[in-house]
Amino acid sequence: MEREKMGGPVEAPLEAILEEERVFPPPPQFREQANVRDPQVYQEAERDPEGFWERWARELTWFQPWEKVLEWDPPWAKWFVGGKTNLAYNCLDRHLMGPRRNKAAIIWEGEPGEVRILTYWELYRQVCRFANALKALGVRKGDRVTIYMPMVPEAAVAMLACARIGAVHSVVFAGFTADALRDRIQDAQAKVLVTAEGLWRRGNILPLKEYADQALEACPTVEKVVVFHRGCKEKEQVPMRRGRDIWWDEAIASAALQCPPEEMDAEDMLYILYTSGTTGKPKGVVHTTGGYMVGIYATTQWVFDIKEGDTYWCTADIGWVTGHSYVIYGPLLCGATTLMYEGAPDWPQRDRWWSIIERHGVTILYTAPTAIRTFMRWGEEWPGRHDLSSLRLLGTVGEPINPEAWVWYWRHIGGGRCPVVDTWWQTETGMIMITPLPGITHCKPGSATLPFPGVRAEVVDERGQPVPPGAGGYLVLTRPWPAMLRVLYGDPERYKVQYWSRFPGVYFTGDGARRDQDGYFWIVGRIDDVVNVSGHRIGTMEVESILVEHPAVAEAAVVGRSHEVKGQALWAFVTLRDDVVAGPSLEEELREHVSKRIGAFARPDRVIFTPELPKTRSGKIMRRLLRDIAEGRALGDVTTLQDPEVVRSLKEQYEHIEGG
Ligand code: WTA
């Protein structure tokens, strides 16, 4: 096997590599061909950050140039002021003049095994047709369109079509169920919903249209629903509401093939993407056109080292920001080939991903640590069955990666020859913020290393003062960046309070971090009431408010607990109403209740019944103590506790669970 011939470092036992805290410089062959090799780029960008971003902007097409790169009136930013452009034009039309016209833009594989390849020309045609179809349904610039779709090329087509005509898309992850979809449609006041009758997951059908119909019972703003026929069910089996619902193919049947791109102001809204926050209500993160485009373009070029011949695969779902920025917009801006896969990694077997990489010759793989830890558990034999020698670069995102998983990925997937980029960013940042540059950075497993050129980050204490090396603190961003969120949809006040109030003029990430002697950033994870389960952000308040809606529940507190594979898992502590008796069937019922109302990914691992929740004397639930209990840790300060007996009995229960 190729990998076994590599010798040297790949052979070293994992423990030895971790123990000596090895640093991984860029492999020389990689470095020689890298898009960026000169460490001077950091100093240059630091000297003139606006000039740095402006140089990237000039590589793209603008219908009218900007007058000013940045207007910064904290916390309000405007980038490329006065510039006019169109993101879909830059992703598609720009490539049609040259040799990319017939290049694969999207390689798609469905879970049952179908493969479709759309060239840039073909994708352009489909986007224009669907854009015209949306217009015919009454969608105008600024209108919101909710997209609730499987991972199919039509999802990308729908997003790009919105961008082309200036409609604002709001993609809702297809793993959400009816209630979550309803809340997001209502908040965005969407005019049109684009969905499918279902999607494939491990051979089962997830009935998206059914959920959509339930959600729409309470969404009066939605006038039309476009339904893509995924082929999970016969069309006749799908109830269509007359006058409201229309099949995708009928909607495009009479649509014209030409659709001029709308001239968008750099600051016109591009999309809303809902993400979890510290309250029960999800936040609609707003991204605008020009700055987002430039930030995504620059980071895709440098972090993923995109070349003409690459087959790039980011495994994220389009329902999350990674799917927006690095499945669709980033790679298409670069004229790259982006791969989309619809289904589960263990369908029909645990080597599906490695089979995809081998068959399509994937060169760049970008995925989440939770996936890597799952593959570690399944064992090396699965990737070992396939030739992964096409890979040249690996990336991770979404949660901290433990050094064991990093080294396993580097060795068993990358064959010891591919750099690994651990990229830190958020829905709110829009683009990768802290990351290695694969031709320059000496990586340390577990560290996202350094801010991208032009980006400035800091770790600070309670008073906003930078902490010394090695000390923990809050991760903040101290300078605006082009792809930053501009506001929370319909709630400018929450935008100010949430992100810019703790330290005035400084962006508060909600993450804890430390820096080492070399200035490298080590992200610890969320320090607020957000839990990161398998790379999905879930607000504990959201889960709590769903739990207390159940007739058996009086009160609930939900916390994150570290989990070997998922990073974190949800544990719910619940007090029942007086007349209800706890039992194993009730635990299962409550877990199922959350799963039905939010989505399977939010199902708590455990529901623990307790006659009372630990509270302070002023009646506040002490989540910190619950976290200690869930982690099996010694309890922190209990002096402010109202009734110490409560935690004693919870601890006993915990020991009982762990003991089997
Ligand atoms: C976490 C995903 C450590 C972090 C792009 C952040 C990470 C949240 C990393 C954002 C990383 C993301 N190392 N933690 N490389 N990347 N995170 O909005 O807690 O879904 O605040 O965006 O994921 O999650 P979101």
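Residues numbered from 1 in each chain as written. Predicted model: local features only at pLDDT ≥ 70, side-chain atom pairs only at ≥ 80, totals over all residues. Heavy atoms only, no water.

Trainee: Hey, could you go over the overall build of the protein chain for me, with residue numbers and the actual values?
Mentor: Across its full length, the protein chain carries 23 helices and 30 strands. The globule rule puts the C-alpha radius of gyration for 660 residues at 26 Å, and the 25 Å found for the protein chain is close to it. Counting only C-alpha atoms, the protein chain reaches 75 × 65 × 55 Å along its principal axes. Expressed as a percentage of its 660 residues, the buried residues of the protein chain come to 62%. Within the protein chain, contacts between residues at least 6 apart in sequence are counted, and of these 71% link residues at least 24 apart. Here the protein chain displays about 25,100 Å² of accessible surface, and carbon together with sulfur accounts for 50% of that area. (Helix = DSSP H or I, 4+ residues; strand = E, 2+ residues; numbered from the N terminus. Rg over C-alpha atoms; globule rule 2.2 N^0.38 Å. Buried < 20%, exposed > 50% of the residue type's maximum accessible area, 1.4 Å probe, protein only. Contact = heavy atoms within 4.5 Å. Areas by Shrake-Rupley, 256 points an atom, 1.4 Å probe, with all protein chains shown as cover.)

Trainee: Which residues make up the packing of aromatic side chains, and what are the values?
Mentor: Under the defined criterion, the tally for this structure stands at 47 aromatic pairs. Between the aromatic rings of phenylalanine 52 and tryptophan 56, the centroid separation amounts to 6.4 Å while the plane-to-plane angle is 80°, which identifies the pairing as edge-to-face. You can see phenylalanine 52 and its partner tryptophan 56 sitting in helix α5 (residues 49–58), four residues apart, about one turn around the helix. Accessibility assignment for this pair places phenylalanine 52 and tryptophan 56 in one class, buried. With a centroid separation of 5.5 Å and 45° between ring planes, the pair formed by tryptophan 62 and phenylalanine 80 is classed as tilted. (Phe/Tyr/Trp six-rings, centres within 6.5 Å; stacked < 30°, edge-to-face > 60°.)

Trainee: Pulling in residues and values, what's your account of unusual backbone geometry?
Mentor: Geometrically, the link from proline 74 to proline 75 is a cis peptide bond, its omega value of 0° lying close to zero. You can see proline 75 is positioned in the loop between β1 (68–73) and β2 (76–81). Cis rather than trans, the peptide bond between tryptophan 347 and proline 348 has omega equal to -5°. If you trace the backbone, proline 348 turns up in the loop between β17 (337–341) and α15 (352–360). For glutamine 189, which is not glycine, the phi dihedral falls at a positive 50°. Take glutamine 189: it is sitting in the loop between α10 (178–188) and β8 (192–196). Glutamine 189 gets classed as partly exposed once you look at its relative accessible area, which sits at 46%.

Trainee: Before we move on, could you go through helix α9 (residues 153–165) and cite the residues and values that matter?
Mentor: For an α-helix, 3.6 residues make a turn, and residues three or four places apart therefore share a direction. With 13 residues, α9 ought to run about 18 Å at 1.5 Å a step, and its terminal C-alpha atoms sit 19 Å apart, in line with that. Across the 13 residues of α9, 13 count as buried, placing the element largely inside the fold. Just downstream of α9, glycine 166 is the residue with a positive phi angle, here 80°. (Expected span 1.5 Å × (residues − 1).)

Trainee: So what's going on with the packing of α5 against helix α13 (residues 290–303)? Residues and values would help.
Mentor: Packing of α5 against α13 leaves a shortest axis separation of 9 Å and a crossing angle of 90°. When the axes of α5 and α13 are compared, the pair comes out roughly perpendicular. On the side of α5, the interface is formed by Phe52, Trp53, Trp56 and Ala57, while α13 contributes Val294, Gly295, Tyr297, Ala298, Gln301 and Trp302. Taken together, the residues that form the contact of α5 with α13 break down as eight nonpolar, two polar and no charged. (Axes fitted to C-alpha atoms, helices over the stretch in contact; angles between N-to-C directions. Parallel < 35°, antiparallel > 145°, perpendicular 65-115°, else oblique. Nonpolar A, V, L, I, M, F, W, Y, C, P; charged D, E, K, R; others polar.)

Trainee: Help me get a handle on the sheet that holds strand β4 (residues 104–109), residues and values and all.
Mentor: Ordered in space as β5-β4-β17-β16-β18-β19-β20, the seven strands form an open sheet in which the pairing is mixed. Every other strand in the sheet has two partners, leaving β5 (115–119) and β20 (420–423) as the edge strands with one partner each. Neighbour to neighbour, the strand axes of the sheet diverge by 20° on average, direction disregarded. Judged from the four bridges that link them, strand β18 (residues 364–367) and strand β19 (residues 393–397) form a sheet pairing that is parallel. Considered in β19, the bridge of tyrosine 366 is made with glycine 395. Packed onto the sheet, α9 meets β4, β5 and β17 and runs at close to 30° relative to β5. (Pairing = 2+ DSSP bridges.)

Trainee: Break down the site of the ligand for me, with residues and values.
Mentor: What surrounds the ligand is a group of 17 residues, the closest being Asp422, Thr423, Thr427, Asp511 and Arg537. Taking aspartate 422, its side chain carries an N or O atom lying 2.7 Å from a nitrogen atom of the ligand. One of the side-chain nitrogen or oxygen atoms of asparagine 532 is found 3.4 Å away from an oxygen atom of the ligand. Burial of the ligand by the protein amounts to 97% of the accessible area it has alone, namely 530 Å². Of all elements in the fold, only α14 (321–333), β20 and β25 (521–526) reach the threshold of two or more residues within the shell around the ligand. (Near = heavy atom within 4 Å. Polar contact = N/O pair within 3.5 Å; in protein donor to acceptor, adjacent residues only side chain to side chain.)

Trainee: How would you sum up the sheet that holds strand β24 (residues 507–515)? Please name residues and give values.
Mentor: Read across the sheet, four strands follow the order β21-β22-β24-β25 without closing on themselves; strand pairing throughout is antiparallel. Looking at strand neighbours, the two that pair on one side only are β21 (457–460) and β25, the edges of this open sheet. Direction aside, the axes of adjacent strands within the sheet are offset by 45° on average. Here β24 runs beside β25; their pairing, made up of five bridges, is antiparallel. Bridging from a neighbouring strand, alanine 513 pairs with isoleucine 523 of β25.

Trainee: If you had to explain the pattern of salt bridges to someone new, which residues and values would you point to?
Mentor: In the structure shown here, the tally under the stated rule is 48 salt bridges. Here glutamate 109 and arginine 352 are joined by a salt bridge, their closest N and O atoms 3.0 Å apart. Of this pair, glutamate 109 sits in strand β4 while arginine 352 is found in helix α15, placing the two residues 243 residues apart along the sequence. On the accessibility criterion, glutamate 109 (2% relative accessible area) is buried. Aspartate 310 serves as the salt-bridge partner of arginine 392, at 2.7 Å between the closest nitrogen and oxygen. Pair noted here: arginine 392 is in the loop between α17 (381–384) and β19 and aspartate 310 is in the loop between α13 and β16 (311–314), with a separation of 82 residues, a long-range link. Taken individually, arginine 392 and aspartate 310 each receive the classification buried, so the pair is uniform in this respect. (Salt bridge = Lys/Arg side-chain N within 4 Å of Asp/Glu carboxyl O.)

Trainee: An account of helix α4 (residues 40–47) is requested, with residue identities and associated values reported.
Mentor: Along α4, the residues classified as buried are Val41, Tyr42 and Ala45. Down the axis of α4, the smallest arc covering the buried residues is 105°, so these residues share one side. Tucked into the core, α4 has its buried residues touching α5 and α13. (Arc of directions from axis to C-beta.)

Trainee: Pulling in residues and values, what's your account of the nonpolar core?
Mentor: Trp53, Phe130, Phe304 and Tyr329 are the most contacted members of the largest nonpolar core, which has 133 residues in total. Sequence-distant contacts of phenylalanine 304, that is, excluding residues within four places in its chain, are made with Thr299, Tyr312, Tyr326, Ile364, Tyr366, Arg392, Leu393, Val421 and Ile432. Core analysis: the second largest hydrophobic core is formed by 44 residues, Phe176, Val543, Leu586 and Val594 among them. (Core = buried A, V, L, I, M, F, W, Y, C linked by side-chain atoms within 4.5 Å.)

Trainee: Which residues make up the confidence of the model for the protein chain, and what values go with them?
Mentor: With 98% of its residues at a pLDDT of 70 or more, the protein chain has an overall mean of 94. Every residue in residues 1–9 scores below 50 in pLDDT, and together they form 15 contacts with partners more than four places removed in sequence or on other chains. (pLDDT = per-residue confidence, 0-100.)

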